[in-house]
Amino acid sequence: VAAEGVLDGWRIGRPNGVEPGVAFLAPLDPLTWDRELLLRLWDFDYKWEVYVPGPKRRWGYYVLPMLYGDRFAGRIELRHDRPAATLRVLGIWWETGFEPTDDLNPGFAAAFADALRAHLAFAGLERVAMPRTAAHRPLAAATRERLAPAARTGGRAAATA
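J.: Hey, could you go over the nonpolar core for me, with residue numbers and the actual values?
T.: Membership of the largest hydrophobic core comes to 28 residues, with the highest contact counts inside it found for V22, F24, I76, F112, L116 and M130. No other element matches helix 2 (residues 108–123), which puts nine residues into this core. Counting eight residues, the second-largest nonpolar core is a separate cluster that includes F44, W48, L67 and F72.

J.: Quick rundown of the pairing of strand 3 (residues 71–81)? Include the residues and the values.
T.: Counting buried residues in strand 3 gives eight out of 11 residues, a clear majority hidden from the surface. Relative to strand 3, strand 2 (residues 63–68) is paired through six bridges, and the arrangement is antiparallel. The residue bridging Y68 from the neighbouring strand is R71, located in strand 3. The hairpin formed by strand 2 and strand 3 contains two residues between the paired strands, and G69 there has a positive phi angle of roughly 60°.

J.: Explain the packing of aromatic side chains to me, using residue names and the numbers behind them.
T.: Across all of its chains, the model carries 13 aromatic pairs by this definition. Judged by centre distance (5.5 Å) and plane angle (85°), the rings of W94 and F108 are edge-to-face. One end of the pair, W94, is in strand 4 (residues 86–94); the other, F108, is in helix 2, with 14 residues separating them in the sequence. W94 gets classed as partly exposed once you look at its relative accessible area, which sits at 22%. Residue classification places F108 among the buried residues on the basis of a relative accessible area of 0%. Here F108 and F112 contribute two aromatic rings whose centre-to-centre distance is 5.6 Å and whose plane-to-plane angle is 25°, an arrangement assigned as stacked. Residue F108 and its partner F112 are both found in helix 2; the two are separated by four residues, about one turn of the helix. Comparing F108 with F112 shows no difference in burial state: the two are buried. In this structure an aromatic cluster arises from ring pairing among F24, Y68, W94, F98, F108 and F112.

J.: Account for unusual backbone geometry, naming residues and giving values.
T.: In this structure, D43 takes a positive phi of about 55° despite not being glycine. Structurally, D43 is set in the loop between helix 1 (35–42) and strand 2. With a phi close to 55°, A85 is a non-glycine residue in the positive phi region. By the secondary structure assignment, A85 is in the loop between strand 3 and strand 4.

How each quantity is defined
- Residues numbered from 1 in each chain as written.
- Predicted model: local features only at pLDDT ≥ 70, side-chain atom pairs only at ≥ 80, totals over all residues.
- Heavy atoms only, no water.
- Core = buried A, V, L, I, M, F, W, Y, C linked by side-chain atoms within 4.5 Å.
- Buried < 20%, exposed > 50% of the residue type's maximum accessible area, 1.4 Å probe, protein only.
- Helix = DSSP H or I, 4+ residues; strand = E, 2+ residues; numbered from the N terminus.
- Pairing = 2+ DSSP bridges.
- Phe/Tyr/Trp six-rings, centres within 6.5 Å; stacked < 30°, edge-to-face > 60°.

Laid out in structure tokens, this is it:
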């Protein structure tokens, strides 16, 4: 896909100037049904591992494909912790070459925060807990910045990292 003069790499297209969004796709979403097609069109190797024994899992129990604009940017594993009213991000795995906070993807953190906010609303949760790993600190900080204003104004979107 040609995007703003870049024919390869991870710069995401902005048709008509519209910023791309992030979507967490359900494992049974029609777009993910044909795993061979995902591999051929997007070079995205996806397997829903809910029925795979734990030690044999490559990613996690209930990992969701993460779509950013017109690309599969990675995978995310989320858990609803209802007693704590928290959406826990257990893991994030990026596709090779994708960096969520680099200059090629300046809108990713905002789009990612929007996707988390939508998931919070869907699940009736109040806050997000990001993984506490060095690899995810820049994204966690950027996400926290974008979710915090909603928390200060009475919204349902606080983030912890």
